[in-house]
Number of protein chains: 2
Amino acid sequence: MFNDYMVELGNRRSCIRDLYEFGRRRAADVGEDSVFDFSLGNPSVPSPAEMTDRLKTLIGGCDPVTLHGYTTAAGDMKARKAIAEDLKNVRGARVSADYIYMTCGAAAAVAIALNAILNEGDEVILLTPYFPEYEVFVKKAGGKPVFVGCDEKFCIDFQSLERALGPATRAIIVNSPNNPSGIIYDRVTLKRLCDTLDEYQKRTGNCVYIVSDEPYREIVYDGAEVADITSMYDNSLIAYSFSKSLSMPGERIGYIALNPSAHSADRLYAAIMGAGRALGYVCAPSLFQRLTAACLDLRPNIEVYRRNRDALYGMLTGIGFECVFPQGAFYMLMKALDPDACAFSDRAKDFGLLLVPGDDFGAKGYVRLAYCVDENMIKRSEQAFKKLYNSYK
Amino acid sequence: MFNDYMVELGNRRSCIRDLYEFGRRRAADVGEDSVFDFSLGNPSVPSPAEMTDRLKTLIGGCDPVTLHGYTTAAGDMKARKAIAEDLKNVRGARVSADYIYMTCGAAAAVAIALNAILNEGDEVILLTPYFPEYEVFVKKAGGKPVFVGCDEKFCIDFQSLERALGPATRAIIVNSPNNPSGIIYDRVTLKRLCDTLDEYQKRTGNCVYIVSDEPYREIVYDGAEVADITSMYDNSLIAYSFSKSLSMPGERIGYIALNPSAHSADRLYAAIMGAGRALGYVCAPSLFQRLTAACLDLRPNIEVYRRNRDALYGMLTGIGFECVFPQGAFYMLMKALDPDACAFSDRAKDFGLLLVPGDDFGAKGYVRLAYCVDENMIKRSEQAFKKLYNSYK
């Protein structure tokens with residue numbers, strides 16, 4: 001009587017949700033201190049205090065009819081101009097306020113971009129490991145996901161990419177720093193990706209758009225660089241969220257920045273506006289459009305995440321686990337001690353450890369740990385990880 | 001190279017947008033006082049002062065990690081409980097916190113509901129006149145809009161409805177108080193609608209869901225009643241927005257309240273969660289979830305809108321125009337003096353009057369006036385309306 005696929009999507013609320021609920025039950029049974037929840041990517045660092053100050057200033061100083069009123073569908077022009085200037089100055093990006101479209105976060109940005117680009121049956125390349133919602137967004141836009149493997153460093157397997165490119169390829173999603181691996185594609189890798197696609201475009205006459213999903217762009221360690229894609233490749237757009245950079249994932253605010261040099265940029269930008277409309281987006285939350293545009297100079301206190309990364313990586317490898325060292329974001333992949341990562345995640349639950357199986361992320365045989373957590377929890381979890389490790393010996 | 005339908009949707013940014021831009025150009029040319037903009041449904045009454053106070057209290061008194069953090073996909077349970085209690089107490093609605101799903105406004109609520117309900121080719125009945133985006137949402141959900149005419153009072157034409165019901169009918173959108181007419185379906189009309197659908201469901205075994213889009217529920221005049229649909233009909237859901245009731249249309253906050261007595265309510269609620277996910281919604285803005293739940297007792301100062309309605313209706317009918325007297329919302333339909341409402345709207349622009357042709361709303365031969373405007377503008381517009389009227393004599 002209604003849409004079975006949507007029922008399935010709604011019920012398969014990802015194992016992250018199941019883990020969370022298991023954790024709540026266990027906390028009620030045996031106490032909060034016996035649950036070690038590494039499942040959720042909810043920033044543990046509060047928003048910068050200056051952001052809260054500027055929020056209060058906005059609310060106190062603006063006419064509420066304007067402050068809470070509709071913006072145009074593409075977003076407040078003052079906010080878009082500030083974002084474009086910042087992207088140009090800080091990242092050397094090829095962007096323009098006229099091609100920025102404010103969104104309800106990066107998920108909406110990716111979903112809207114795909115609905116603008118794809119026609120029924122078009123293919124979108126997903127580089128493993130990948131954020132599972134990409135597959136959902138591609139399918140809803142009428143597209144078909146095509147998975148490309150990674151090399152032993154969780155970087156792009158270019159042979160696999162070459163094989164995946166075909167007449168139906170219309171887009172590729174790049175997510176660096178990566179969820180779930182924390183890997184950053186370096187400039188050489190990105191350049192090679194752009195050259196591969198450019199060569200393919202020239203040879204076939206097809207356009208392949210890079211959708212660069214960059215919510216973790218500012219969450220990087222040890223001075224790692226996240227190179228700007230728009231300055232390397234014409235047919236590109238940035239999908240961004242302030243969720244992590246301002247620790248406000250619940251407020252749903254981000255943007256699409258379409259490269260003005262993209263093929264038929266005006267028509268594609270119109271398609272983005274059309275897709276936003278068709279998916280029920282009217283405008284991005286107006287107060288937060290203005291607030292984020294006034295907070296582009298603020299950065300999260302990522303030192304906390306770096307300390308957590310080092311503590312967790314050191315502890316786990318010390319016990320004997322094999323982990324992928326993250327260069328950014330706040331996720332780490334750990335090799336499961338069972339070929340079946342779900343079985344491994346299930347056994348971990350017996351010790352109060354909530355670890356997400358990598359299967360949904362295209363990282364079979366691994367579990368994902370989110371380390372945007374209280375640093376004391378990492379310390380307290382050591383015994384549980386040891387028990388888990390020993391249970392496999 | 002990308003989606004032509006989305007390009008068209010994006011470019012056809014509705015004539016409301018075109019009118020707005022014409023108005024801005026004219027204001028720059030001949031002055032703000034010579035533009036009479038009746039095109040936009042942006043509330044002119046500011047949010048209640050208490051709302052701003054409570055917003056400040058929330059920001060000052062909550063841990064920012066929680067306040068700006070993700071809520072579950074369905075929304076903050078405390079907010080959902082408050083909304084459910086309020087709907088039960090104030091409107092006698094059949095709702096439950098477990099079947100409330102917080103959304104980014106009513107547009108998202110309607111889009112998500114349709115994507116949850118419809119399969120490819122299913123039909124959705126739209127009662128004329130209707131909000132034009134319904135057609136966009138139905139099509140994106142794979143459905144087919146079926147238009148049902150109205151009677152001379154802009155109320156449901158039941159003969160036309162009976163003819164429209166068929167094996168593919170899966171939903172009907174009800175919007176009362178209505179945009180663009182301001183008409184409210186009285187209790188007898190709603191009861192007849194429910195009886196008609198119930199009889200059809202019994203006869204055929206098909207489910208037909210009522211999607212009741214209620215953003216103007218609290219904007220009613222002269223003590224008019226907006227009866228609750230969930231207490232009359234099992235297969236129903238409310239799509240609501242706080243945009244108009246708290247004068248914050250830019251903040252995108254509302255909800256779906258699914259009737260717990262709906263057929264397979266659990267599966268339909270799962271489908272709503274799945275559809276939200278597939279369209280790129282992660283959760284509704286978290287700060288505004290909490291704020292609106294704390295402001296359910298606040299009402300807008302609708303006295304301003306009532307005065308505007310009376311002033312505008314009196315003025316226009318005094319000149320000789322024929323208007324539909326609105327019982328709610330802040331829109332009024334006026335009969336065009338040309339069989340082609342677009343030509344009439346074009347001529348009105350010569351006098352600085354921005355009136356939206358009714359064609360997109362299924363109200364051919366009429367123009368829509370939004371009277372959520374400065375009351376002085378209504379007075380100042382009288383000469384322009386007289387000139388428009390006389391230009392047709």
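Here's what I pulled together on the structure shown here. Being a predicted model, the structure only gives us computed values, none of them experimental. (Residues numbered from 1 in each chain as written. Chains lettered and ligands numbered in written order. Predicted model: local features only at pLDDT ≥ 70, side-chain atom pairs only at ≥ 80, totals over all residues. Heavy atoms only, no water.)

**Side note on the sheet that holds strand E12 (residues 366-370) of chain A**
The antiparallel open sheet is built from three strands, whose spatial order is E9-E12-E11 (chain A). In the strand order of this sheet, the two ends are held by strand E9 (331-335) and strand E11 (356-357) of chain A, each with one partner. (Pairing = 2+ DSSP bridges. Helix = DSSP H or I, 4+ residues; strand = E, 2+ residues; numbered from the N terminus.)

**With respect to the relation of the copies chain B and chain A**
For these two chains of identical sequence, chain B goes onto chain A by a turn of 180° and a shift of 0.0 Å along the axis, with RMSD 0.0 Å. The relationship between the two copies is best expressed as a two-fold rotation axis. Relative to the rotation axis, the closest C-alpha in chain B is found at Leu279 of chain B, a distance of 3.0 Å. An overlap of 100% is found between the interface residues of chain B and their copies at the interface of chain A, pointing to a shared contact surface. (Least-squares fit on C-alpha atoms with pLDDT ≥ 70 in both. Contact = heavy atoms within 4.5 Å.)

**Thoughts on the interface of chain B and chain A**
Taken together, the contact pairs 79 residues of chain B with 80 residues of chain A. Across the chain B/chain A interface, buried area totals approximately 6500 Å², and carbon plus sulfur atoms make up 60% of it. The largest share of the area that chain B buries against chain A comes from Met1, Phe2 and Arg277 of chain B, three residues that together contribute 14% of it. At the surface where chain B touches chain A, the tally comes to four salt bridges. One salt bridge in this structure joins Glu133 of chain A and Arg277 of chain B, with 2.9 Å as the shortest N-O distance. Applying the counting rule to chain B against chain A returns 34 residue pairs in polar contact (both at pLDDT 80 or more). Secondary structure elements with two or more residues in the side of chain B that touches chain A: helix H1 (4-11), helix H2 (14-30), helix H3 (49-61), helix H4 (64-67), helix H6 (105-117), helix H7 (133-140), helix H10 (265-278) and helix H11 (286-293) of chain B. Per element, the largest residue contribution to the side of chain B that touches chain A is nine residues, and it comes from H10 of chain B. A class-by-class count of the residues in the side of chain B that touches chain A yields 43 nonpolar, 23 polar and 13 charged. (Buried area = accessible area lost by both parts, 1.4 Å probe. Salt bridge = Lys/Arg side-chain N within 4 Å of Asp/Glu carboxyl O. Polar contact = N/O pair within 3.5 Å; in protein donor to acceptor, adjacent residues only side chain to side chain. Nonpolar A, V, L, I, M, F, W, Y, C, P; charged D, E, K, R; others polar.)

**Quick word on unusual backbone geometry**
Leaving glycine aside, a negative phi is the common case for residues, and trans is the common case for peptide bonds. All names here are of chain A. Residues Ser176 and Pro177 are joined by a peptide bond in cis, for which omega reads -5°. Looking at where Pro177 falls in the secondary structure, it is placed in the loop between strand E5 (169-174) and helix H9 (187-204). For Phe154, which is not glycine, the phi dihedral falls at a positive 60°. Structurally, the position occupied by Phe154 is in the loop between strand E4 (144-148) and helix H8 (158-164).

**Re the side chain of Ser245 of chain B**
Residue and element names in this part refer to chain B. Summarising the element assignment, Ser245 is placed in the loop between strand E7 (236-241) and strand E8 (254-258). By relative accessible area, Ser245 is classed as buried at 3%. Discounting residues that sit within four places of it in the chain, Ser245 has contacts with Glu218, Tyr240, Arg299 and Pro300. (Buried < 20%, exposed > 50% of the residue type's maximum accessible area, 1.4 Å probe, protein only.)

**Focus: the pattern of salt bridges**
Across all of its chains, the model carries 47 salt bridges over all chains by this definition. Two residues, Glu214 of chain A and Arg217 of chain A, come together in a salt bridge whose shortest N-O distance is 2.9 Å. Glu214 of chain A sits in the buried class, given a relative accessible area of 2%. Relative accessible area serves as the criterion here: at 7%, Arg217 of chain A is assigned to the buried category. A salt bridge links Asp76 of chain B to Arg290 of chain B, with the shortest nitrogen-to-oxygen separation between them at 3.6 Å.

**Structural notes on empty space enclosed by the protein**
Residue and element names in this part refer to chain B. For the structure on display, the rule yields eight cavities of 30 Å³ or more. Here the largest cavity is characterised by a volume of approximately 150 Å³. Lining the largest cavity are 16 residues, with Asp86, Glu218, Tyr240, Leu296 and Arg299 sitting closest to its centre. Tallying contributions element by element places helix H5 (residues 77-91) first for the lining of the largest cavity, with five residues. (1 Å grid on protein atoms, 1.4 Å probe; cavity = no way out; pocket = protein on both sides within 12 Å on 5 of 7 lines; lining within 4 Å. Points joined across faces, edges and corners; volume = space filled by probe spheres on them.)

**Observations regarding H7 of chain B**
Residue and element names in this part refer to chain B. Summarising burial for H7: six of the eight residues are buried, a large majority. Those residues of H7 lying buried are Glu133, Tyr134, Val136, Phe137, Val138 and Lys140. Of the residues flanking the end of H7, it is Gly142, one or two places downstream, whose phi is positive at about 85°.

**Details of the packing of aromatic side chains**
Inspection of the entire model under this criterion finds 38 aromatic pairs over all chains. Where Tyr240 of chain A meets Phe242 of chain A, the ring centres are 5.1 Å apart and the plane angle is 90°; that geometry is what we call edge-to-face. The two residues Tyr240 of chain A and Phe242 of chain A agree in class, both being buried. Consider the rings of Phe330 of chain B and Tyr331 of chain B, whose centres lie 5.2 Å apart with planes at 65°: the pair is edge-to-face. The same class applies to Phe330 of chain B as to Tyr331 of chain B, namely buried. Three or more aromatic residues joined by ring pairs form one cluster here, namely Phe38, Phe321, Phe344, Phe385, Tyr389 and Tyr392 of chain A. Between Arg24 of chain A and the ring centre of Tyr20 of chain A, over which it is positioned, the NZ or CZ distance is 5.9 Å. Sitting above the plane of the Tyr392 of chain A ring, Arg347 of chain A keeps its charged end 3.9 Å from the centroid. (Phe/Tyr/Trp six-rings, centres within 6.5 Å; stacked < 30°, edge-to-face > 60°. Lys NZ or Arg CZ within 6 Å of the ring centre and 35° of its normal.)

**Some remarks on the pairing of E7 of chain B**
Residue and element names in this part refer to chain B. Across the six residues that make up E7, a large majority, six, are buried. Residues Ser236, Ile238 and Tyr240 of E7 are buried on one face, and the alternating residues Leu237, Ala239 and Ser241, pointing to the opposite face, are buried as well. With four bridges connecting them, strand E6 (residues 209-213) and E7 associate as parallel partners. Across the sheet, the residue bridging to Ile210 is Ser236, located in E7. Relative to E8, E7 runs antiparallel, the two being bridged by five bridges. Looking across to E8, one finds that Tyr240 is bridged to Tyr255.

**Notes on the pairing of strand E3 (residues 123-127) of chain B**
Residue and element names in this part refer to chain B. With five of its five residues buried, E3 lies for the most part within the structure. Side chains Glu123, Ile125 and Leu127 project from E3 onto one buried face, and the interleaved Val124 and Leu126 project onto a second face that is buried too. Relative to strand E4 (residues 144-148), E3 is paired through five bridges, and the arrangement is parallel. Within the sheet, the bridge partner assigned to Ile125 lies in E4 and is Val146. Crossover handedness for the path E3 to H7 to E4: right-handed. (Right-handed = clockwise from strand over helix to strand, strands pointing away.)

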